[in-house]
Amino acid sequence: MTTTAEPTDGARTGRCDACDEHASTDELEPPETPRERVNRRWNEIMQETRVAQTGVQILFGFLLSVAFTPHFRSLDTFDHVVYVITVVLGASATASLIAPVSLHRFLSGQRMKDEMVEIAHRLMMCGMVLMALTIGCTLLLILHVVVPGVLAEVLTGLVMLWFVLSWYALPLWLRRRSARK
């Protein structure tokens, strides 16, 4: 059975995988062994998963309850379609963000931590995209009921633009900037 190692110095200093790829050789910290690195990366993914899982589970629970409210039947076809798409996206996000836990349960002790880290990373990235889309569709559904006219779509578009900028564009820009140093 695989045991979880204590966080390495890298984990305590807040380093992340993106930073590791471009770390300078003259750092004050001793270099990590491959085993320490994969253990640190796995621990980081598990911490990130806990945060994302909580958010997506609360949102998904809210979405499931919407269909049972009295006002739901009075929504028009557009709102029902958006609702169905939102619930499917929410279920998919939930599956992607909980999948690393299943990976760990099934593969623990199989000496596959490198593969687990890579697959969990991909599942987390996919889950984050699905969660952003779920949030966007939820916002569209709520605003379409509350705000008149095209304003709901405009506001949803602006919020989704903020998601793209803060969740994807900013980290990619920082990664490229770090690579140039």
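Data block above holds the structure.
Here the structure is a predicted model, which means the values were calculated and not measured.

J.: I'd love a proper account of the environment of Ala120, names of residues and values included.
T.: Along the chain, Ala120 turns up in helix α5 (residues 113-146). Under the relative-accessibility criterion, Ala120 is labelled buried at 0%. Sequence spacing of Ala120 and Ile45 is 75 residues, and the spatial spacing of their C-alpha atoms is 7.3 Å.

J.: I'd like a rundown of the packing of helix α3 (residues 34-66) against helix α4 (residues 77-107), residues and numbers included.
T.: Packing of α3 against α4 brings their axes to within 9 Å, and their N-to-C directions diverge by 150 degrees. Classified by the angle their axes make, α3 and α4 are roughly antiparallel. When you trace α3 past α4, the crossing you get is left-handed. For the pair α3 and α4, the contacting residues are Trp42, Met46, Thr49, Ala52, Gln53, Val56, Gln57, Phe60, Leu63, Leu64 and Val66 in the first and Tyr83, Thr86, Val87, Gly90, Ala91, Ala93, Thr94, Leu97, Ile98, Pro100, Val101 and His104 in the second. For the contact of α3 with α4, a count of residues per class yields 16 nonpolar, seven polar and no charged.

J.: With reference to specific residues and values, describe the packing of aromatic side chains.
T.: Scanning the entire structure with this criterion turns up three aromatic pairs. Judged by centre distance (4.9 Å) and plane angle (65 degrees), the ring pair of Phe72 and Tyr83 falls under edge-to-face. Of this pair, Phe72 sits in the loop between α3 and α4 while Tyr83 is found in helix α4, placing the two residues eleven residues apart along the sequence. The exposure classification of Phe72 matches that of Tyr83, with both residues buried.

J.: If you had to explain a positive patch on the surface to someone new, which residues and values would you point to?
T.: Taken together, the side chains of Arg176, Arg177, Arg180 and Lys181 define a basic patch exposed on the protein surface. Along the chain, the position of Arg180 falls in helix α6 (residues 151-180). According to the relative accessible area criterion, Arg180 is exposed, its value standing at 64%.

J.: Give a detailed account of unusual backbone geometry, specifying residues and quantitative values.
T.: The backbone of Arg111 sits at a positive phi, close to 55 degrees, despite the residue not being glycine. A relative accessible area of 78% places Arg111 in the exposed class.

J.: Before we move on, can you summarise the pattern of salt bridges with the specific residues and values?
T.: Pairs can form between side chains of opposite charge once their charged atoms are near each other. Applying the stated rule across the entire model yields three salt bridges. Glu44 is paired through a salt bridge with Arg40; the nearest N and O atoms lie 2.9 Å apart. Residue Glu44 and its partner Arg40 are both found in helix α3; the two are separated by four residues, about one turn of the helix. The buried category is assigned to Glu44, whose relative accessible area is 16%.

Basis of the calculations
- Residues numbered from 1 in each chain as written.
- Predicted model: local features only at pLDDT ≥ 70, side-chain atom pairs only at ≥ 80, totals over all residues.
- Heavy atoms only, no water.
- Helix = DSSP H or I, 4+ residues; strand = E, 2+ residues; numbered from the N terminus.
- Buried < 20%, exposed > 50% of the residue type's maximum accessible area, 1.4 Å probe, protein only.
- Axes fitted to C-alpha atoms, helices over the stretch in contact; angles between N-to-C directions.
- Parallel < 35°, antiparallel > 145°, perpendicular 65-115°, else oblique.
- Left-handed = near helix turned anticlockwise from the far one by under 90°.
- Contact = heavy atoms within 4.5 Å.
- Nonpolar A, V, L, I, M, F, W, Y, C, P; charged D, E, K, R; others polar.
- Phe/Tyr/Trp six-rings, centres within 6.5 Å; stacked < 30°, edge-to-face > 60°.
- Patch = residues over 30% accessible without salt bridge, like charges linked within 9 Å, V, L, I, M, F, W, Y side chains within 5 Å.
- Areas by Shrake-Rupley, 256 points an atom, 1.4 Å probe, with all protein chains shown as cover.
- Salt bridge = Lys/Arg side-chain N within 4 Å of Asp/Glu carboxyl O.
- Lys, Arg positive; Asp, Glu negative; His and termini not counted.
- Charge placed at Lys NZ, Arg CZ, Asp CG, Glu CD.

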